[in-house]
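Chain and residue survey
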Amino acid sequence: MKYTVKGRLQTAICDEHRISVKNTKVRLYALKEEIEATTAFTSAQSKEVTRVYEEKEIKSRKKYLLGETTTDVNGNYSLSFDGDQQEYNGGAVAAVLYYNDLPDYGQENTDLPRNFFAFEVLLDIFQPKWRETDEGLIASWNYTVLRRVWCYILQRLDVWVICGTLLNCESQEPLAGIEVIAMDDDIITDDTLGSAVTDSNGKFCIYYRSIDFKKTFLSPFINVETTPIFSFDNGPDIYFKFAFGGNEFAAESPSEAQKPSRKNVGNCLCVHLCLNDAPDDKDPPAAFYQIGYNRKYHPVLNIDPATGRTTGKSTVSWNEQAFFSTIDLRGSLSPQLNGQPVEYKFQYAIVADPTIDVGTIGSWTDIEASDIANTVIGSKITQFLPVILYNSYVIGGTTGPKPYGQEVEVDMINNWVRVPQAGGIFFNGSLLKLITNKLTDIANGTPDEVDMSGLVPGATSAPLQKNTYVALRMRKREVGNPGSEVAAGFSRPLAVFNTKYKDVPQGGTWDPTGVSTELGIATVDLQELVDGGQCASIANSITANYTAANPNLGAVSLAMFGPGGPHSFDPIAFTSPGEEAHGAASYQGNVALLPNCAYEVRLSAELNLTNGEQQHPNIWDRVLFCK
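Heads up: these notes are all about the structure in this document. Fair warning: this is a prediction, and the values are worked out from it, not measured in the lab.

Scoring rules and cut-offs
- Residues numbered from 1 in each chain as written.
- Predicted model: local features only at pLDDT ≥ 70, side-chain atom pairs only at ≥ 80, totals over all residues.
- Heavy atoms only, no water.
- Helix = DSSP H or I, 4+ residues; strand = E, 2+ residues; numbered from the N terminus.
- Rg over C-alpha atoms; globule rule 2.2 N^0.38 Å.
- Buried < 20%, exposed > 50% of the residue type's maximum accessible area, 1.4 Å probe, protein only.
- Contact = heavy atoms within 4.5 Å.
- Areas by Shrake-Rupley, 256 points an atom, 1.4 Å probe, with all protein chains shown as cover.
- Lys, Arg positive; Asp, Glu negative; His and termini not counted.
- Charge placed at Lys NZ, Arg CZ, Asp CG, Glu CD.
- Phe/Tyr/Trp six-rings, centres within 6.5 Å; stacked < 30°, edge-to-face > 60°.
- Pairing = 2+ DSSP bridges.
- Axes fitted to C-alpha atoms, helices over the stretch in contact; angles between N-to-C directions.

Thoughts on the overall build of the protein chain
Across its full length, the protein chain carries seven helices and 46 strands. The C-alpha radius of gyration of the protein chain comes to 28 Å, within 12% of the 25 Å expected for a compact globule of 627 residues. Summarising its shape, the C-alpha atoms of the protein chain cover approximately 85 × 75 × 65 Å along the three principal directions. A burial count over the protein chain gives 51% of its 627 residues as buried. Here the analysis covers contacts within the protein chain between residues at least 6 apart in sequence; of these, 69% occur between residues at least 24 apart. For the protein chain, the exposed area adds up to about 29,200 Å²; of that, 50% sits on carbon and sulfur atoms. The average position of the 52 basic charges and that of the 75 acidic charges among the side chains of the protein chain differ by 4 Å.

Spelled out as structure tokens, the structure:
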């Protein structure tokens, strides 16, 4: 019998501010050895049953594990398991959060803390209320993690959070769309901890790590919190700055950080802020200043002028990336400019070299509707009860009813996007989602494909493919008034790569018909199979012929899976560092001592490509053989 538990997990740093428990592993356990205690547990309050399981305990409980899943960005989850296989008959279960890595809660750095060990936190023990469906038994279970429990979890992960509300001091109305910047007041230099933009209710949460307030002029070699002399405090001292459209317009005095409620704060802080003056929401600046929602690359400061790749992010793995596929061009929007309705457009220029100064580019081409993926630029709530309904304003959309309310097509006239003028729209920061494939197709004159059907594993893939360099800029003006047109942001030339290597051989001699078409090359074969045929039995040597290629090539590795390990090969030869690795690698062990069995040799290649949200997954190839 299939069982499924669905629900949503959330928490609250401030009582009135619910936030999603996103990107987090959820596990369910059976209670086979705790049947007598089940009744007591299920009737208890969460605060009475919450406990922590350390790594050793997790291993001992493995036989009771029913299943695991990961919450989405809204905290929703769906966990299914086979009751017959797990010997489960519908009884009470224990729900835990499982941490063996660091989820992305909004902090830039996702490195694990030092001396980290996996742990689980028991949320509750409950009896699911199963209902029968065509797909098996289904139950719902929603849960709000207690503040003290959530803060404990974040502390174990070295994640710090500031949640709060920003209001107008006089009217007490929420201020939406304001960037709240958290600062740490230090003797040597004030540290920027992080920032967040307030939502339509004026609420925000800023996530950061301890390294963000322990920076010194010797960082990253020496990190320490530089509080006043003879002070033994080790938490940040907080004050705030405020910006709109990337422009700072107000700031608290650093002396605010010395107040008891702001000094040496813990990893969970709740604040209530207010401003007497804020930018006029009828005429705020419209500007382009970010690529991607998750990684938040600044189009100038986070682009290396020497390579066009990303740089300057504290999460090291987010650097040295070229862009691919569809990227979200983000910033701020305003309904009006100079008191008149506003429209904006993006333009691009293909350049030969990433070092070119954008200011010297003489010819720009408009980004057209066909270059843009459907982009939701804002929403407006139209009904609260009995259910919330809203209008969604979409570039490339179709005006008409939707399950959530109404989709409204955003007008685009002669490549100018006309900002909707209906009052009460919350602009979410997305300006347009650019399909970069369209631009690189134009740059190359043909679709981005290169035929690799003749490639032999171990040989070069030359001629090597190269990045395309694309500069972007945003323009805005009063609707229909060319004389009012002004700049609204630009990027350095971005390294972009969308070329597909078509029909790359896959599976080696063992699978002569296997092919792949991906944004990189990963192909491997065994010389022994080349010489003896696809079913040859290998007895004395294993020689892997490999080729991996992409102009943004990262780590490349060879591994062999099967009994008798560990298995290792000669080091990979990077014939063109950062672009290609090819050659032959011999097995470093004694082949004659391997047990007679089936084995897999796998080649894995890292592609340093990002769409602004995440990195392209590694590509791989494998070949099988018998010993």
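Further notes follow.
A closer look at the packing of aromatic side chains
Aromatic rings considered in pairs are described by the distance between their centres and by the relative angle of their planes. Using the criterion set out here, one finds 17 aromatic pairs in the structure. Ring centres 4.6 Å apart and planes at 10° place the aromatic pair Y390 and Y404 in the stacked group. On the criterion of sequence distance, the pair formed by Y390 in strand β27 (residues 389–395) and Y404 in the loop between β28 (400–402) and β29 (405–410) is long-range, its members being 14 residues apart. Assessed through its relative accessible area of 29%, Y390 is described here as partly exposed.

Details of the pairing of strand β44 (residues 598–607)
Within a regular strand, side chains alternate between the sheet's two faces. Burial analysis of β44 places seven of its ten residues in the buried class, which makes it a mostly covered element. Pairing of strand β42 (residues 553–561) with β44, which is carried by seven bridges, proceeds in the antiparallel orientation. Bridged to M560 within β44 is V601. Here β44 pairs with strand β46 (residues 619–626) via eight bridges, running antiparallel. By the bridge assignment for β46, S604 is matched with W620.

With respect to the sheet that holds β46
Strand order in this open sheet of three strands is β42-β44-β46, and the pairing throughout is antiparallel. Each of the sheet's edge strands pairs with one partner strand only, and the pair in question is β42 and β46. The average undirected angle you get between the axes of adjacent strands in this sheet is 10°.

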